[in-house]
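Examining the three-dimensional arrangement
Residues per chain, in single letters:
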Amino acid sequence: MTRVKMVFRWFGEGNDTVPLSYIKQIPGVEGIVWALHELSPGEEWPLEKILKVKNMAEQYGFQIDVVESVNVHEDIKLGLPTRDQYIHKYTETIKHLAKVGVKVICYNFMPVFDWIRSDLFKELGDGSTALFYEKAKIESITPDKLVTSFLENNEFTVPGWEPERLQRLSELFEAYKNVSEENLWDNLKYFLERVIPVAAQHGIRMAIHPDDPPWPIFGLPRIITNRENISRLLHLVDHPYNGLTFCTGSLGANPNNDLPEMIREFGDRIHFAHIRNLKRFDNGDFIETSHRTCDGSVDVYEVVKAYHEIGFSGYIRPDHGRHIWNEECRPGYGLYDRALGIMYLWGIWDSLVRMKEGSRHVCTKQQS
Ligand code: CS2
Ligand code: MN
């Protein structure tokens with residue numbers, strides 16, 4: 001029987017508006033997706049801190065199999081001589097995470113920024129708000145202006161946009177001036193060649209998150225963007241532990257990405273599935289929507305169907321949600337819309353399982 005493992009991103013005690021006790025009440029969630037958000041990229045994660053999260057999660061019966069993210073230090077992406085010391089810390093962190101049973105590490109290789117949007121709380125017309133990408137605005141604003149506006153209007157730190165990191169913005173842009181896409185590929189290869197063997201030895205699958213959006217931003221190179229590049233990535237170090245976080249929200253911003261097809265092609269290397277819908281506009285803008293297929297441009301039904309077809313038994317989480325019912329939360333990471341998203345995903349998944357396995361299968365209760 002096909003069995004996916006539904007998980008839910010949680011930013012940690014005192015750092016998330018959603019308590020674990022609420023996550024517990026979302027049907028079928030068996031684990032939290034977590035990170036030590038208080039640490040900077042490049043720092044080694046101490047075992048005591050990791051154990052604290054494990055204990056907290058266990059009180060609610062949650063596993064902590066998936067970490068998102070162990071961030072990669074910029075010196076690694078830049079290919080600076082100092083990278084070796086950071087790669088060493090990264091592998092030490094992997095060993096610590098293996099000790100508590102972590103199975104998957106999600107990370108990304110995007111220069112300077114993690115995801116980019118022009119607005120964090122754009123009105124959708126029904127009273128809800130969502131993350132919005134306005135092409136013209138992004139093309140006309142300077143990165144520091146954009147960052148300042150986010151920091152002013154948002155009381156939560158957004159991962160990848162931490163004030164400490166962003167203080168170094170101009171310095172970083174200067175450093176990336178000489179880094180081409182090909183250099184970034186080389187630097188990723190160098191990183192993977194050193195990290196994958198350690199991860200494999202410790203039973204941890206590495207799952208790179210695609211670039212969001214999947215095209216170059218502010219002149220910075222971006223490489224994890226489409227089918228061809230994903231295939232190149234998987235061949236850089238051709239090992240089952242060198243895999244993907246397949247994010248339909250990131251890859252889906254480019255209409256040329258055939259998501260169900262990519263799931264069928266890369267299925268055995270997808271260790272972690274992020275499902276999100278978004279609506280693309282002809283002018284290059286896009287807005288994040290509810291998970292429902294007809295609300296956006298991503299055919300979420302076909303995406304889930306592709307996972308079912310390949311017998312996917314990895315981890316899956318709803319990605320960003322809208323902000324609904326006046327919820328005050330981190331941009332994209334409220335409780336309500338992500339919980340609705342989960343129920344939509346279960347609705348599709350359970351029907352597919354039922355159609356295949358017949359009425360003898362009702363559904364698997366994922367936790368007690
Ligand atoms: C985002 C990212 O789409 C997403 O999941 O919220 O911030 C993601 O967590 C990172 O790119 C993973 O490294
Ligand atoms: Mn994602």
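Each remark here, short or long, concerns the structure printed above.
First, a word on scope: everything that follows refers to the structure included in this document. (Residues numbered from 1 in each chain as written. Chains lettered and ligands numbered in written order. Predicted model: local features only at pLDDT ≥ 70, side-chain atom pairs only at ≥ 80, totals over all residues. Heavy atoms only, no water.)

1. Remarks on the site of ligand 1
The environment of ligand 1 is made up of 17 residues, and the closest members are Glu 68, Ser 69, Asn 108, Asp 114 and Tyr 333. Separating an oxygen atom of ligand 1 from a side-chain N or O atom of Asp 114 is a distance of 2.8 Å. In this structure, Tyr 333 approaches ligand 1 through a side-chain N or O atom, which is 2.5 Å from an oxygen atom. When ligand 1 is considered free in solution it has 340 Å² of accessible area, and contact with the protein chains removes 99% of it. Considering each element in turn, the shell around ligand 1 owes the most residues, 3 residues, to strand S4 (residues 104-108). For the shell around ligand 1, a count of residues per class yields 6 nonpolar, 5 polar and 6 charged. (Near = heavy atom within 4 Å. Polar contact = N/O pair within 3.5 Å; in protein donor to acceptor, adjacent residues only side chain to side chain. Areas by Shrake-Rupley, 256 points an atom, 1.4 Å probe, with all protein chains shown as cover. Helix = DSSP H or I, 4+ residues; strand = E, 2+ residues; numbered from the N terminus. Nonpolar A, V, L, I, M, F, W, Y, C, P; charged D, E, K, R; others polar.)

2. Focus on the coordination of the manganese ion (ligand 2)
Each protein donor to the manganese ion (ligand 2) is listed here as His 209 (NE2), Cys 247 (SG), His 274 (ND1) and Asp 319 (OD); together their distances run 2.2 to 2.5 Å. Around the manganese ion (ligand 2) sit 6 donor atoms, and with donor-metal-donor angles ranging over 51 to 163 degrees the site reads as irregular. (Donors = N, O, S within 2.8 Å, 3.2 Å for Na, K, Ca; no water. Tetrahedral: all angles 85-135°; square planar, octahedral: opposite > 155°, others 65-115°.)

3. Side note on the sheet that holds strand S3 (residues 63-68)
Spatially, 8 strands are ordered S1-S2-S3-S4-S7-S8-S9-S12 in a closed barrel, and the strand pairing comes out parallel. Between one strand axis and the next, the sheet turns through 30 degrees on average, direction left out of account. Across 2 bridges, the pairing between strand S1 (residues 5-9) and strand S12 (residues 315-318) is parallel. Following the sheet pairing, Met 6 is matched in S12 by Ile 316. Each of strand S2 (29-34), S3, S4 and strand S7 (205-209) is contacted by helix H4 (residues 83-99), which is oriented at about 150 degrees to S4, the strand it contacts most. Its contacts with the sheet put helix H13 (residues 300-309) on strand S8 (242-247) and strand S9 (270-275), and the angle it makes with S9 is roughly 160 degrees. (Pairing = 2+ DSSP bridges. Axes fitted to C-alpha atoms, helices over the stretch in contact; angles between N-to-C directions. Contact = heavy atoms within 4.5 Å.)

4. Comments concerning the nonpolar core
Formed by 104 residues in total, the largest nonpolar core has its most connected members in Trp 34, Trp 45, Tyr 90, Leu 97, Leu 188, Phe 191 and Tyr 307. No other element matches helix H9 (residues 181-201), which puts 9 residues into this core. Residues contacting Trp 34, with those up to four places away along its chain left out, are Trp 10, Trp 45, Ile 50, Val 53, Ile 64, Val 66, Val 67, Glu 68, Leu 97 and Val 102. (Core = buried A, V, L, I, M, F, W, Y, C linked by side-chain atoms within 4.5 Å. Buried < 20%, exposed > 50% of the residue type's maximum accessible area, 1.4 Å probe, protein only.)

5. Structural notes on a nonpolar patch on the surface
A cluster of nonpolar side chains, Trp 325, Tyr 336 and Leu 340, forms an exposed patch at the surface whose accessible area comes to about 320 Å². Inspection of the secondary structure assignment puts Leu 340 in helix H14 (residues 336-357). (Patch = residues over 30% accessible without salt bridge, like charges linked within 9 Å, V, L, I, M, F, W, Y side chains within 5 Å. Salt bridge = Lys/Arg side-chain N within 4 Å of Asp/Glu carboxyl O.)

6. Focus: the pairing of S2
Summarising burial for S2: 6 of the 6 residues are buried, a large majority. Sheet topology note: the S1/S2 ladder contains 4 bridges and is parallel. Each residue of the ladder has a partner; that of Phe 8, found in S2, is Ile 32. Judged from the 3 bridges that link them, S2 and S3 form a sheet pairing that is parallel. Paired with Val 33 across the two strands is Val 66, which belongs to S3. Traced from S2 through helix H2 (residues 47-58) to S3, the parallel crossover comes out right-handed. (Right-handed = clockwise from strand over helix to strand, strands pointing away.)

7. Concerning the side chain of His 73
Along the polypeptide, His 73 turns up in the loop between S3 and helix H3 (74-78). When neighbours within four sequence positions are excluded, His 73 is seen to be in contact with Pro 41, Gly 42 and Tyr 86.

8. Quick look at the sheet that holds strand S6 (residues 129-133)
The strand order S5-S6-S11-S10 describes an open sheet built from 4 strands, whose pairing is antiparallel. Two strands bound the open sheet, and with one partner strand each, they are strand S5 (119-123) and strand S10 (278-280). Here the strands of the sheet are splayed against their neighbours by 35 degrees on average, with no regard to which way each runs. Relative to S6, S5 is paired through 3 bridges, and the arrangement is antiparallel. What sits directly across from Glu 123, in S6, is Thr 129.

9. Examining the packing of aromatic side chains
On inspection of all chains with the given rule, the structure shows 12 aromatic pairs. When the centroid spacing of 6.3 Å and the interplanar angle of 75 degrees are considered together, the rings of Trp 215 and Phe 286 count as edge-to-face. With Trp 215 in the loop between S7 and helix H10 (227-236) and Phe 286 in strand S11 (residues 286-288), this residue pair connects regions lying 71 residues apart in the sequence. In this structure Phe 286 comes out as buried when scored by relative accessible area, which is 1%. Residues Trp 325 and Tyr 336 carry aromatic rings whose centres are separated by 5.0 Å and whose planes lie at 50 degrees to one another, so their mutual orientation is tilted. With Trp 325 in the loop between S12 and H14 and Tyr 336 in helix H14, this residue pair connects regions lying 11 residues apart in the sequence. Each member of the aromatic cluster is reached from another via a ring pair, and the members are Tyr 90, Tyr 107, Phe 109 and Phe 191. Of note, Lys 5 hangs over the ring of Tyr 315, and the distance from its end group to the ring centre comes to 5.1 Å. The ring centre of Tyr 190 lies 3.4 Å from the NZ or CZ of Arg 83, which sits over that ring. (Phe/Tyr/Trp six-rings, centres within 6.5 Å; stacked < 30°, edge-to-face > 60°. Lys NZ or Arg CZ within 6 Å of the ring centre and 35° of its normal.)

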